[in-house]
Amino acid sequence: MAWALLCIAGILEIGFAFAMKSSAGFTRLVPSAFTIATGLSSVILLSLSLRTLPVGTGYAVWTGIGAAGTAVLGIALLGDSAAPARVFCIALILAGIIGLKLVSGD
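Residues numbered from 1 in each chain as written. Predicted model: local features only at pLDDT ≥ 70, side-chain atom pairs only at ≥ 80, totals over all residues. Heavy atoms only, no water.

S.K.: Explain the overall build of the protein chain residue by residue, including any values.
M.R.: Within the protein chain, the secondary structure is distributed over four helices and zero strands. Scanning the protein chain from its N terminus toward the C terminus, one meets helices and strands in the order α-α-α-α. When its C-alpha atoms are laid out on the principal axes, the protein chain stretches across 45 × 35 × 15 Å. The buried share of the protein chain, reckoned over its 106 residues, is 32%. Relative to all contacts within the protein chain whose residues are 6 or more apart in sequence, the contacts with residues 24 or more apart total 63%. As presented, the protein chain carries roughly 6,200 Å² of accessible surface, and 77% of it is formed by carbon and sulfur atoms. (Helix = DSSP H or I, 4+ residues; strand = E, 2+ residues; numbered from the N terminus. Buried < 20%, exposed > 50% of the residue type's maximum accessible area, 1.4 Å probe, protein only. Contact = heavy atoms within 4.5 Å. Areas by Shrake-Rupley, 256 points an atom, 1.4 Å probe, with all protein chains shown as cover.)

If you want it as structure tokens, here you go:
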């Protein structure tokens, strides 16, 4: 259950990043409200998952999902650079997330 909560928290972190960009520095009401809601929800789910997961593993996976997911969606939806070196670095983040899950024993 903790891993499922952590994955949902990571996905919410991606939503948080995109909403923050859309909020234009918190000058637009709806995206600003969505930023606050997704950010708060993400942190709450992270904290619930940390009841059983080690903090280092949980936090690293949470930030990794958010960072890699935001980068991939930035490429797919916003036209961010898909330079080979950038894609390779994103793959390294994903490999780290998978590796932490495999060695966690949970």
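S.K.: Outline the packing of aromatic side chains, listing residues and values.
M.R.: Counted according to the given criterion, the structure contains one aromatic pair. Aromatic side chains Tyr59 and Trp62 sit 5.5 Å apart centroid to centroid with 50° between the ring planes, which places their arrangement in the tilted category. Residue Tyr59 and its partner Trp62 are both found in helix H3 (residues 55-78); the two are separated by three residues, about one turn of the helix. Owing to a relative accessible area of 46%, Tyr59 belongs among the partly exposed residues under this scheme. (Phe/Tyr/Trp six-rings, centres within 6.5 Å; stacked < 30°, edge-to-face > 60°.)

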